[in-house]
Amino acid sequence: MAQRAIARFGLSLIRRNLKPATSYNVCKKRSLHNTPTTVDNSLTKSYSYSTEGNNPTSGSEESASDEPFGNDEVINDFMKFDEELKEKLKTLDSVSIPRKSDSLADYVNSSKVLQTLVMFGVELYTIEKQFKEALDFLVKLDLNRDVVPKLQFLKKNKLTPQEFGATVTKNPHILDPQNKIEDFEEMIEYLRSKKFTSKQIASLLVRYPKFLTLSVPKIDGILGFYQKLPTNFANTIYFSGNQLRSLIIRCPSLLTADLEAVFLNIKLLEQSFGFSLPQIKNMVTIYPNLLLLEMKELELRCRLFLFEMELTKEELSQAALVFNNRRKRTETRHYYLKSLGRNQYKPDQKGYLSMLDVVVGTDEEFCEKCKVGTIEDYERFLKTI
Amino acid sequence: MSLPVTYAPKAFRWLNGIFAVYKPADVPHYPFVSSIVDKLVLDINSLEQRPQKKRVVFKRQSEIEDSDHPVDESNQSHVGQLENTLKPVCVPDWFDHPLVQGPRFRHSDFELLCGTTLDVKACGVLVVGLKDLGSDLIKRFDRAKLPRKYLAHGHLGLASLSATGETKIVERSTWQHVTADKIARILMHIQGTHRKASIRQTGVDLSTQKAYELASEGLLKPQQYCGPIILDLKLVEFKPPKFGIEVTCIDEACSDIRRLIHEIGLILKTNAICTYVQRQQDGPFLYDDPNTLLLRQINVQRVLESMTYFRHVLTPGMLKRHTHFRNETLVLPDPVSKAPTQTLLTAASDTQDNGVTTDDDTLLEELSETSVGG
């Protein structure tokens, strides 16, 4: 009985062409008929009508509600009302986005582009930290116009889709719409003209994608600097083409290093310690990251090897990989060997320990290779230093 | 060996307490402490993390995918099944994705508090407290002033500006007249004066029964800072010109140990510099305990194990606030200033015991005689 009364009531409202509810926090006004309207606040329920602007129904209206519901006019009104409501419901889909933000996390929920980047494996938190200027264009990217052509370009240069995330985290400027694919191709062509093989270029792409957004004339100058490396007393170290190429491939961050710092490191080796030019060239070819160390750190490490461990410059220049390990670690290992009396680094002598065995690797590997006991003995020694 | 913790938030909740770490020499204090936290952060981020959060979104019936969970299952029966009806649905929150937020735990989540710090040049046990419970225990541990044991090596014949081998050497002197016997006697003398001075500084009337009881328990210590108090001095090795001593003391910093070695040199009519200071014991925390961790041994599992071990070692009585002096009227002697030039040793020799002569004065005379001759 109550349901029929509700239906009749609804129809009577439709006939009056009432405006639908404009706000969704609709005030629950009771009708004069005192029908028990079941209040359901969830929007899954059909729209609730407000009784504003309504003439009070009188008992006489009830008789007019016996018409069938399938009137065309009524249905049209209903569908018009439905469309207006649909448009208003679209606003529900949008999430509130801040106008200005430091992080991309605020925009991820509403941006399909960022979601696809995350699915590829791009680390948005590192980009926020290291490339703050890149946040601007990343939010405004368009998937089909910006991202897809660049991904295709990278795939053409032998980059798998699994590596796409890592390359974008290392250099999000690849996706900048201002950096066009023509510029990238120009850079790759320049490298090919300098006889870098396509395998080498592909490895550069994966490990050091920053080179794509560098300018070609600047790279030309930097490569020229490294080919004829100036040293302290107006001498130069010459690298052949193959040697230079292998240098750059093994240590690509030489391309964006501070050239003055590199020069000062070479000056330190030549002037302070007295390495000869062939020795320096040998050291740089074995371990090019040596040039990127801080000057003070390089000095301290050289001192450790030359004065504490009493290596000759010739031996150190041939075992230049020892500069790779942390200074404190090599120092403690040397003191441990000294306390056992096993610190023999000359090849002719008995009980010779090669520098690479001593310095390179973890502490467990060091104990195994040099046969100085277990790791517990080493830790017991560490607790006396 | 307890079962390893694999769930990171659980490990984070448990990482709350006090433990000990071995600090090597030539490492500044703050970088060392922050590197402990860095290691813990790295390790805890490698464990299993909490699941990604979800958010409620209203979707049209046609757009709902299989992966979305409905919010209210009971409501489904009388909800309209039209094409455009909206349904609330649980969807993974991209905001909380690990690649968007980064690692779940950061350096700033851990609060590491140290009690007494060690110098750059000193090595040894460093007691350290993590987060709330740890900070609370560290503060109580400091207030308890448990005795500490140091091992210090000295080198006779040199005097430098800072009593170490690092600064400029200012004086050289002969040391051949020094024997182990002389050093031992001096150490006994210093130990005796310190113990007497500390008892005097408490201000308790020494003729009472209570004073005897407290002294027998070892609680007769001054309540305020009176400078370092040496409880025990021992000569451990003597290979001239190098010597090593073991110091048990209260309220002492590493610089006081170095000054002590310098003063020993002066009393012996030579000079001495300090080449090595190691804190071997800090209350119940020992340096050769497998639960005091080296930096290379720090990870979540071992830290948790050492915390549980030391919780049993630190018996409740050790950190208790002692109330035996609360209602006592203490008669304190003249306060000892905090100036670094004055130690209890010199203070003790200044204050004169009325009419009490000791053998200490004659001892000093003896030593001076022999050195002049030799």
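Residues numbered from 1 in each chain as written. Chains lettered and ligands numbered in written order. Predicted model: local features only at pLDDT ≥ 70, side-chain atom pairs only at ≥ 80, totals over all residues. Heavy atoms only, no water.

A. Looking closely at unusual backbone geometry. Geometrically, the link from proline 240 of chain B to proline 241 of chain B is a cis peptide bond, its omega value of 0 degrees lying close to zero. Looking at where proline 241 of chain B falls in the secondary structure, it is placed in the loop between strand 10 (229-239) and strand 11 (242-250). A positive phi angle, near 65 degrees, is found at lysine 195 of chain A, a position not held by glycine. Considering the arrangement of structural elements, one finds lysine 195 of chain A in the loop between helix 10 (181-193) and helix 11 (198-207). The exposure class assigned to lysine 195 of chain A is exposed, which follows from its relative accessible area of 60%. Even without glycine at this site, lysine 131 of chain B takes up a positive phi of about 60 degrees. As for its position among the elements, lysine 131 of chain B is in helix 4 (residues 131-144). Classification of lysine 131 of chain B by relative accessible area gives buried; the value is 10%. (Helix = DSSP H or I, 4+ residues; strand = E, 2+ residues; numbered from the N terminus. Buried < 20%, exposed > 50% of the residue type's maximum accessible area, 1.4 Å probe, protein only.)

B. Structural detail: the interface of chain B and chain A. Across the contact, 37 residues belong to chain B and 30 residues belong to chain A. Both faces considered, chain B and chain A share a buried interface measuring about 2700 Å² in area, 57% of it formed by carbon and sulfur atoms. Considering only the surface of chain B that becomes buried against chain A, Trp94, Leu99 and Arg296 of chain B emerge as the three largest contributors, covering 27% of it. Run the count over chain B and chain A and you get three salt bridges. With its nearest N and O atoms 2.9 Å apart, the salt bridge here joins arginine 296 of chain B to aspartate 363 of chain A. In this structure, the connection of chain B to chain A is made through 16 residue pairs in polar contact (both at pLDDT 80 or more). At the level of elements, strand 2 (54-60), strand 4 (86-92), helix 3 (98-101) and strand 12 (272-282) of chain B are the ones that each hand at least two residues to the side of chain B that touches chain A. If one sorts the elements of the side of chain B that touches chain A by residue count, helix 3 of chain B sits on top with four residues. (Contact = heavy atoms within 4.5 Å. Buried area = accessible area lost by both parts, 1.4 Å probe. Salt bridge = Lys/Arg side-chain N within 4 Å of Asp/Glu carboxyl O. Polar contact = N/O pair within 3.5 Å; in protein donor to acceptor, adjacent residues only side chain to side chain.)

C. Highlighting the sheet that holds strand 4 of chain B. All names here are of chain B. Here we have three strands laid out as an open sheet, ordered 2-4-3, and antiparallel in their pairing. The open sheet is flanked by strand 2 and strand 3 (69-70), the only strands paired with a single partner. When strand 2 meets strand 4, the two strands line up antiparallel, connected through seven bridges. Bridge pairing in strand 4 links valine 57 to valine 89. (Pairing = 2+ DSSP bridges.)

D. Highlighting the pairing of strand 10 of chain B. Residues and elements named next belong to chain B. By the bridge criterion, nine bridges tie strand 10 to strand 11 in an arrangement that is antiparallel. What sits directly across from lysine 234, in strand 11, is glutamate 246. Here strand 10 folds back onto strand 11 in antiparallel fashion, the turn holding two residues.

E. Representation of helix 2 (residues 29-45) of chain B. In a regular helix each residue adds 1.5 Å, so 17 residues correspond to 24 Å; helix 2 of chain B covers 25 Å between its end C-alpha atoms and thus fits that length. The complete set of buried residues in helix 2 of chain B reads Phe32, Val33, Ser34, Ser35, Ile36, Val37, Leu40, Val41 and Ile44 of chain B. (Expected span 1.5 Å × (residues − 1).)

F. Representation of a positive patch on the surface within the structure. Taken together, Lys139, Arg143, Arg321 and Arg326 of chain B make up a surface patch of like positive charges. Tracing the chain through its elements places lysine 139 of chain B in helix 4. (Patch = residues over 30% accessible without salt bridge, like charges linked within 9 Å, V, L, I, M, F, W, Y side chains within 5 Å. Areas by Shrake-Rupley, 256 points an atom, 1.4 Å probe, with all protein chains shown as cover. Lys, Arg positive; Asp, Glu negative; His and termini not counted. Charge placed at Lys NZ, Arg CZ, Asp CG, Glu CD.)

G. Structural view of the confidence of the model for chain A. When pLDDT is averaged along chain A, the result is 82, and 80% of the positions lie at 70 or above. Confidence drops under pLDDT 50 across residues 20-66 of chain A; counting only partners more than four residues distant or on other chains, this segment forms 51 contacts. (pLDDT = per-residue confidence, 0-100.)

H. Here's a closer look at a negative patch on the surface. All names here are of chain A. Taken together, the side chains of Glu182, Asp183, Glu186 and Glu189 present a region of like negative charge at the surface. Structurally, glutamate 189 can be placed in helix 10. Glutamate 189 gets classed as exposed once you look at its relative accessible area, which sits at 55%.

I. Structural context of helix 4 of chain B. Residue and element names in this part refer to chain B. With 14 residues, helix 4 should cover 20 Å at 1.5 Å per step; its first-to-last C-alpha distance of 20 Å lies within 8% of that length. All of the buried residues along helix 4 are Lys131, Gly134, Ser135, Leu137, Ile138, Phe141 and Ala144. Summarising the contacts, the buried residues of helix 4 are in contact with helix 1 (8-14), strand 1 (17-23), strand 5 (112-114), strand 6 (123-130), strand 12 and strand 13 (285-286).

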